[in-house]
Amino acid sequence: MDNDRLSSAQWFEQIARVTESIGHAGFAATLFDALGCIRPIQATTLYLYPHDGMPSAVFELDGPWLPQGNVRQYLSGFYLLDPFYGACVEGAASGCYDLADVAPDHFEHSEYYQSFYRHSHLEDELNYILQASNGLSLAIAPVRSICTGASESRSRPTWPIGI
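This write-up is about the structure you can find in this document. Throughout this description, residue numbers start from 1 for each chain and increase along the sequence as written. Per-residue local features of the predicted model are confined to residues with pLDDT of at least 70, and side-chain atom pairs are confined, for both listing and counting, to 80 or more; whole-chain, interface and lining totals are unaffected and use all residues. As a convention, hydrogens and water are excluded, and side-chain values are obtained from all of the structure's heavy atoms.

### Some thoughts on the nonpolar core
Among the buried residues, those of types Ala, Val, Leu, Ile, Met, Phe, Trp, Tyr and Cys that are joined through side-chain atoms within 4.5 Å form a nonpolar core. Classification of residues uses two cut-offs on accessible area relative to the type maximum, computed with a 1.4 Å probe and protein chains only: under 20% is buried, over 50% is exposed, and between them is partly exposed. One finds Tyr 47, Tyr 49, Tyr 74, Tyr 112 and Tyr 117 to be the most contacted residues of the largest nonpolar core, which totals 22 residues. Runs of E in the DSSP output that reach at least two residues are strands. Runs of H or I that reach at least four are helices, and both are numbered from the N terminus. Counting only elements with at least two residues in this core, the list comes to β1 (43-50), α3 (71-75), α4 (83-89), β4 (122-131) and β5 (136-145). The contacts of Tyr 49, once residues within four sequence positions are left out, are Pro 55, Tyr 74, Asp 82, Tyr 85, Cys 88, Gly 135, Leu 136, Ser 137 and Ala 139. With 15 residues, the next largest nonpolar core counts Trp 11, Val 18, Ile 38 and Leu 46 among its residues. Note on definitions: a residue-residue contact is assigned when non-hydrogen atoms from the two residues lie within 4.5 Å.

The following block contains the structure:
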């Protein structure tokens, strides 16, 4: 990633907007707008994962997925097979994780991949995982799609905001 983006006037303007939006309804959208000025984001979802209940999508920005790979389908039960969901409820430390960090070997042959993930058309997926003290995890998932022709390096992104 080009570190000049992190010292640009645009970045500081975006972060000021994020700071101003804390506690307001538009916070998630403002945060993802800011992250998008550093690295292209085609889809974004903010998931709340109770460790003993059903997850919910707190925020969703439309993505490139087919009907078989959308958020509604994910929440209907596919989340149980998701390596990121597993990492959240198993207590992975708060931090940024690439799919390769949490997915099993031969992920492309897994039931989750074959039944759901391949329909999402995602190229780069990472999750910021925040473990809350009350049995909840929050997963922020900014992603890029293979459908958009994004040509940046597939190296692991370095997002500037730590959790």
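### What to know about the packing of aromatic side chains
In this scheme Phe, Tyr and Trp rings, the latter by its six-membered ring, pair at centre separations within 6.5 Å, and the angle between planes marks the pair as stacked below 30 degrees, edge-to-face above 60, and tilted otherwise. Applying the stated criterion across every chain yields a total of 13 aromatic pairs. Where Tyr 74 meets Phe 116, the ring centres are 5.7 Å apart and the plane angle is 45°; that geometry is what we call tilted. On the criterion of sequence distance, the pair formed by Tyr 74 in helix α3 and Phe 116 in the loop between α6 (111-115) and β4 is long-range, its members being 42 residues apart. Taken as a pair, Tyr 74 and Phe 116 share a single burial class, namely buried. Three or more aromatic residues joined by ring pairs make a cluster, and in this case those are Tyr 47, Tyr 49, Tyr 74, Phe 78, Tyr 79, Tyr 85, Phe 107, Tyr 112, Tyr 113, Phe 116 and Tyr 117.

### Description of the environment of Gly 26
Inspection of the secondary structure assignment puts Gly 26 in the loop between α1 (9-21) and α2 (27-36). Spatially, the C-alpha atom of Gly 26 lies 9.8 Å from that of Phe 59, the residues being 33 residues apart in sequence.

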